[in-house]
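# Observations on chain architecture
Residues per chain, in single letters:
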Amino acid sequence: MELEIGYVFTDNCVLQRDKVIRVFGTAACNGLVKAELFDGDDRFAGGSGKALQDGRFCVDIPPVPAGGPYRLLVSCGGESVELKNVMVGDVWLAGGQSNMEFQLKDCHDLPQLLLDYEGRAESPHTPVSCALDKVRFYAVPEVSVLDEEGVNLHKSAKWQVCSKEVLPQWTAVATFFAEKVARETGVCVGIIDCNWGGTSASAWMDEETLKSSSATTVYFDDYREKYDGDYEKYLRELADYNAYSAEWEPKKDALYKERPDIGWNEVEELLGPCRWPGPIGPKSPFRPCGLYSTMLCTCAPYSLRGFIYYQGESDDIHPQVYDTLLTNMIGLWRKTFMDLDLPFVFVQLPTFVNRDDPDLTTWGSIRKCQENVARTVKNAYMAVTLDLGTYNNIHPPKKKGVGERLADLALSCVYGLKDEASVTGPFVKDAVKTGDSIVISFKNAPLGLDIGAVAENFDIPEGYAD
């Protein structure tokens, strides 16, 4: 068996500071594997261990402080793999669905970010602090099946150093998060981007965990209703869907470019129905437990500083179980990455309503479940973004505020660099009925509440709703 290190280890990678650095992959059975860090020609840290009978190995390098660039040399027998321009800093995994997947090229904040990165501001006399030179990015390929094509996609993925050419393809929330953390801490921040639009949290869990609660087995019931086990029929339906979408999606994109304020109902009237997400079956990324094995586990057990997460929109079909679902997913992710105390910093869903629909979404229930998780799960922290939604757009194009609120939470609750009360939203402390009134008390609201404030980017047209 040839020596191969995990897909996530490439040139330009970021390794986690001040914690054991786990280097993993496959090698010859019982072969002695060494993993060593070099500063120039000088070896300053390393570890070794034997590969198991199936060839898997995981070698621990003792904790080292932030620094670099270094070389990482992994060797077994006469084989070796060398990685260059390796930094030691903080590594965060960015999970979730489309609002975490949302790229900077579609973000309203990109032009100013590029100006800041290039060292300019709107006024040449105003200095701009920008730490993107300390941010690196690894995008886990969107792979729903680990067939030959999927494996090749994983093998082709590379860590990227920031440049104006690659920056627009980076995910917006994670980039704004990483830039602020790097700016405040002064260390290199690596983002492992592992998300897929439209996915339920159930897609990012293993079968054992999803079945561990009777409440969340409903996701398997949903799957059995949509997939009857006829694989050949499923493949025919999938081919038909792919052909339909190949024509429909470009027409939809062109229509939105021409008429950005068009309602969804009119889009489907003009173009025909949207058939997303297509047939559900063994190759669907939206099936329960699929992406846990085909994406998340390909990065594990990489040493991390923590997780950031933006998801919940696709779980409004079962809002009553979302706190159980998310709690169990957090526990599984921590176990998968071999650290049961890993911080989990996540986004509470913002305000949202479609123009064509009555405001009957169950997002309020999801938000309540998210708050329950923040209250009850150790090292779980919630960024309130109620004011950052966009009317008639489930994907708000302003992501800087979301990313920086996540960063502020991390800087407070994980790094201890900010006062917690200044970065968390107000929480209800208690509610007491007095006569015909209810008196509600809040914590983390030192200046009180402005209940008349209206978010500037959630301007519902007059007459839409009372």
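So, here's what we can say about the structure. Just so it is clear, the model here is predicted, and its values are computed rather than measured.

## As for the overall build of the protein
- Helix and strand content of the protein: 12 helices and 16 strands.
- Rg of the C-alpha trace for the protein: 23 Å, near the compact-globule value of 23 Å for 466 residues, within the 12% margin.
- In terms of overall dimensions, the protein has a C-alpha envelope of 75 × 60 × 50 Å along the principal axes.
- Residues counted as buried form 51% of the 466 residues belonging to the protein.
- Sequence-distant contacts, at least 24 apart, represent 73% of the contacts inside the protein between residues at least 6 apart.
- By element, 50% of the accessible surface of the protein is carried by carbon and sulfur atoms, the whole surface being about 22,100 Å².

## Focus on the sheet that holds strand β3 (residues 21–26)
- Here three strands make up an open sheet; going across it, the order is β1-β3-β6 and the pairing antiparallel. Of all strands in the sheet, those bounded by a partner on one side alone are β1 (4–5) and β6 (56–61).

## Notes on the side chain of E36
- In this fold, E36 is placed in strand β4 (residues 32–39).
- Separated by 2.9 Å, the side chains of E36 and R43 make a polar contact.

## Remarks on the pattern of salt bridges
- Enumeration over the complete set of coordinates arrives at 19 salt bridges.
- Here K180 makes a salt bridge to D408, at a shortest N to O gap of 2.8 Å. Note that K180 is positioned in helix α4 (residues 172–185) and D408 in helix α12 (residues 400–414), a separation of 228 residues in sequence. Note on accessibility: K180 and D408 belong to one class, buried.
- Linking R275 and D240 is a salt bridge whose minimum nitrogen-to-oxygen distance equals 2.5 Å. Of the two residues, R275 is situated in the loop between α8 (264–271) and α9 (290–294) and D240 in helix α7 (residues 231–258); the sequence distance between them amounts to 35 residues.

## Focus: the packing of α4 against α12
- The interhelical angle for the contact between α4 and α12, taken along N-to-C directions, is 40°, at an axis separation of 7 Å. Viewed along their axes, α4 and α12 adopt a mutual orientation that is oblique. The handedness of the crossing between α4 and α12 is right-handed. Note on element contacts: α12 touches α4 through K400, V402, G403, E404, L406, A407, D408, A410 and L411, opposite V173, F176, F177, K180, V181, R183, E184 and T185.

## Some points on the nonpolar core
- Among the nonpolar cores identified, the biggest contains 128 residues, and F9, W92, F177, I192, W204, Y302 and F337 are the most heavily contacted of them.
- When residues no more than four places from it in sequence are discounted, the contact partners of Y302 are V8, F9, C13, V14, L15, R22, F24, V91, W159, I192 and F337.

## Description of the environment of A254
- Take A254: it is sitting in helix α7.
- With 172 residues separating them along the chain, A254 and E82 place their C-alpha atoms 46 Å apart.

## Things to note about a nonpolar patch on the surface
- Judged by side-chain polarity, V428, I438, I440, F442 and L449 come together as a nonpolar surface patch covering roughly 440 Å² of accessible area.
- Top contributing element to the nonpolar patch by residue count: strand β16 (residues 437–443), with three residues.
- Relative to the assigned elements, I438 resides in strand β16.

## Some words on the packing of helix α10 (residues 322–336) against helix α11 (residues 363–376)
- The contact between α10 and α11 brings their axes to 8 Å, and the two run at 40°. One element, α10, and the other, α11, form an angle in the oblique class. Classified by chirality, the crossing of α11 by α10 is right-handed. Seen from α10, the contacting residues are Y322, D323, L326, T327 and I330; seen from α11, they are I366, C369, Q370, N372 and V373.

## Concerning the side chain of R22
- With respect to the secondary-structure elements, R22 resides in strand β3.
- Nearest to the buried, unbridged R22 among oppositely charged side chains is D60, at 5.5 Å.
- Reaching out from R22, the side chain makes a polar contact with the backbone oxygen of P301 at a distance of 2.7 Å.
- When neighbours within four sequence positions are excluded, R22 is seen to be in contact with F9, C58, V59, D60, P301, Y302, S303, F337 and M338.

## Description of α12
- For α12, which comprises 15 residues, the first-to-last C-alpha distance of 20 Å matches the rise-based estimate of 21 Å (1.5 Å per residue) to within 8%.
- α12 sits mainly inside the fold: 12 of its 15 residues count as buried.
- Among the residues of α12, V402, G403, E404, L406, A407, D408, L409, A410, L411, S412, C413 and V414 are the ones counted as buried.
- Lining the buried residues of α12 we find β8 (79–96), α4, β12 (306–310), β13 (344–347) and β14 (380–383).
- Where α12 terminates, the next one or two residues include G416, which has phi positive at roughly 70°.

## Topic: the pairing of β8
- Two elements, strand β2 (residues 14–16) and β8, share three bridges in a ladder whose sense is parallel. Within β8, the residue paired with V14 across the bridge is M87.
- Strand direction decides the pairing type here: strand β7 (residues 67–76) and β8, joined by seven bridges, are antiparallel. The residue of β8 that forms the bridge with L72 is L83.
- With antiparallel pairing between neighbouring strands as the criterion, β7 and β8 make up a hairpin whose turn holds two residues, including G77 at a positive phi of roughly 60°.
- The pairing of β8 with strand β11 (residues 189–195) spans seven bridges and is classified as parallel. Pairing of V91 across the sheet is with G190, part of β11.
- Examined bridge by bridge, β8 and β12 share five bridges and lie parallel to one another. If you follow W92 over to β12, its bridge partner there is G306.

## Some remarks on the packing of aromatic side chains
- Inspection of every chain in the model, using the stated rule, returns 20 aromatic pairs.
- Aromatic pair W92 and Y415: ring centres 6.4 Å apart, planes at 40°, arrangement tilted. Of the two residues, W92 is situated in strand β8 and Y415 in the loop between α12 and β15 (427–434); the sequence distance between them amounts to 323 residues.
- Classification of Y415 by relative accessible area gives buried; the value is 15%.
- One aromatic cluster is present, built from ring pairs that chain together F307, Y309, W333, F337, F344 and F346.
- Positioned above the aromatic ring of Y415 is the side chain of R305, whose terminal nitrogen or guanidinium carbon lies 5.2 Å from the ring centre.

Parameters and conventions
Residues numbered from 1 in each chain as written. Predicted model: local features only at pLDDT ≥ 70, side-chain atom pairs only at ≥ 80, totals over all residues. Heavy atoms only, no water. Helix = DSSP H or I, 4+ residues; strand = E, 2+ residues; numbered from the N terminus. Rg over C-alpha atoms; globule rule 2.2 N^0.38 Å. Buried < 20%, exposed > 50% of the residue type's maximum accessible area, 1.4 Å probe, protein only. Contact = heavy atoms within 4.5 Å. Areas by Shrake-Rupley, 256 points an atom, 1.4 Å probe, with all protein chains shown as cover. Pairing = 2+ DSSP bridges. Polar contact = N/O pair within 3.5 Å; in protein donor to acceptor, adjacent residues only side chain to side chain. Salt bridge = Lys/Arg side-chain N within 4 Å of Asp/Glu carboxyl O. Axes fitted to C-alpha atoms, helices over the stretch in contact; angles between N-to-C directions. Parallel < 35°, antiparallel > 145°, perpendicular 65-115°, else oblique. Left-handed = near helix turned anticlockwise from the far one by under 90°. Core = buried A, V, L, I, M, F, W, Y, C linked by side-chain atoms within 4.5 Å. Patch = residues over 30% accessible without salt bridge, like charges linked within 9 Å, V, L, I, M, F, W, Y side chains within 5 Å. Lys, Arg positive; Asp, Glu negative; His and termini not counted. Expected span 1.5 Å × (residues − 1). Phe/Tyr/Trp six-rings, centres within 6.5 Å; stacked < 30°, edge-to-face > 60°. Lys NZ or Arg CZ within 6 Å of the ring centre and 35° of its normal.

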